[in-house]
Amino acid sequence: NPAFLQSILRGPHRKFCHILLTGAHEICRMKPDGSQLAVLKACEEWYMNIYADRIYFCNFDDGLSICAMNLDGSGLKTLYSGESSDICVAEDTIFFSADRTSRDLYRMNLDGSGVQKIHSGYARFTNYVDGMLCFADEKGTLYYCDTDGSGLQQRAANVTYPVIVDGVLYCEKESGFVESFSLIQ
């Protein structure tokens, strides 16, 4: 969708865009007008986050590890070498699901230290808004909690692919319709 791409390119992450090229995943940088496309890292990457002048991502080519690199592609470092997914970077912390089977929710410092389990149980589609984490379980039940895992509350049921924009959660329901509601209370 060209209009959607243009809105991303004009938004806060206008220097970067995650692009799928010829069937292979690559982390790329380009100017807002689409010029000067540069591949920063060729890998099968998922869950990319840009935070504090670093790019954080799950590297599927490296055993589903969590990696970080500078905005120019230099300084690549593996922060967590176990299986991971659904990373979300906020409050100088990386939140992620570990072990692709159980998907327990963890947190760690930006340098990879201080790994701590904050929720036992399946967690995916992790998002952050207004000091809270939001995630779905394997049945599509949406929960939110504090960043230390406390205060767990159910928010909605039967959701798929939740995305948060400006404090509003958008998710697909089993019916195929998109539902939205505010997470900020």
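Refer to the preceding data block for the structure.
Residues numbered from 1 in each chain as written. Predicted model: local features only at pLDDT ≥ 70, side-chain atom pairs only at ≥ 80, totals over all residues. Heavy atoms only, no water.

K.L.:
Any chance you could explain the sheet that holds strand β5 (residues 54–59) here in plain terms?
P.N.:
Whenever strands of a sheet pair, they do so through backbone hydrogen bonds, lying parallel or antiparallel. The sheet built from four strands is open, its strands ordered β4-β5-β6-β7 with antiparallel pairing. Each edge of the open sheet carries a strand with a single partner, namely β4 (45–51) and β7 (77–80). Neighbour-to-neighbour, the strand axes of this sheet turn through a mean angle of 30 degrees, independent of strand direction. The sheet contact formed by β4 and β5 spans five bridges and is antiparallel. The residue bridging Ile50 from the neighbouring strand is Ile55, located in β5. (Pairing = 2+ DSSP bridges. Helix = DSSP H or I, 4+ residues; strand = E, 2+ residues; numbered from the N terminus. Axes fitted to C-alpha atoms, helices over the stretch in contact; angles between N-to-C directions.)

K.L.:
I'm lost on the side chain of Asn59 in this one. Help?
P.N.:
Looking at where Asn59 falls in the secondary structure, it is placed in strand β5. Looking at Asn59, its side chain comes within polar contact range of the main-chain nitrogen of Asp61, at 2.9 Å. Setting aside anything within four residues of it in sequence, one finds Asn59 in contact with Lys41, Cys43, Glu44, Leu64, Ser65 and Cys67. (Polar contact = N/O pair within 3.5 Å; in protein donor to acceptor, adjacent residues only side chain to side chain. Contact = heavy atoms within 4.5 Å.)

K.L.:
Sorry, what's going on with the side chain of Ser84 here?
P.N.:
Mapped onto the fold, Ser84 is located in strand β8 (residues 84–90). Only 2.5 Å separates the side chain of Ser84 from the backbone oxygen of Leu64, close enough to count as a polar contact. If we ignore the near neighbours within four places in the chain, the residues touching Ser84 are Cys58, Leu64, Ser65, Ile66, Phe96, Ser97, Ala98 and Arg100.

K.L.:
I would appreciate a short explanation of unusual backbone geometry in the present structure.
P.N.:
Keep in mind that most residues, glycine aside, have a negative phi and that most peptide bonds are trans. If you check the backbone angles, Ala52 has positive phi at about 50 degrees while not being a glycine. Tracing the sequence through the fold places Ala52 in the loop between β4 and β5. One non-glycine residue with positive phi stands out, namely Glu91, at about 50 degrees. When you line up the elements, Glu91 lands in the loop between β8 and β9 (93–98).

K.L.:
Just to check I follow, could you spell out the nonpolar core for this structure?
P.N.:
Nonpolar side chains in soluble globular proteins tend to be buried together. Tyr56, Ile66, Leu79, Ile87, Ile94, Phe96 and Met108 are the most contacted members of the largest nonpolar core, which totals 13 residues. For this core, the secondary-structure elements that each account for two or more residues are β5, β6 (65–70), β7, β8, β9 and β10 (104–109). Broken down by element, this core gets its largest block of residues, three residues, from β9. Each residue touching Met108, except ones within four places of it in the same chain, is listed here: Ile66, Leu79, Tyr80, Thr93, Ile94, Phe96, Ser113, Gly114 and Val115. By size, the runner-up hydrophobic cluster in this structure holds twelve residues, among which are Met132, Tyr144, Ala156 and Ile164. (Core = buried A, V, L, I, M, F, W, Y, C linked by side-chain atoms within 4.5 Å. Buried < 20%, exposed > 50% of the residue type's maximum accessible area, 1.4 Å probe, protein only.)

K.L.:
It is not clear to me how the environment of Val89 should be interpreted in this structure. Could you clarify?
P.N.:
Relative to the assigned elements, Val89 resides in strand β8. Using a relative accessible area of 10% as the deciding quantity, one classes Val89 as buried. For the pair formed by Val89 and Tyr128, sequence separation is 39 residues and the distance between their alpha carbons is 8.0 Å. With residues near it in sequence (within four places) discarded, Val89 still touches Asn49, Tyr51, Tyr56, Ile94 and Leu110.

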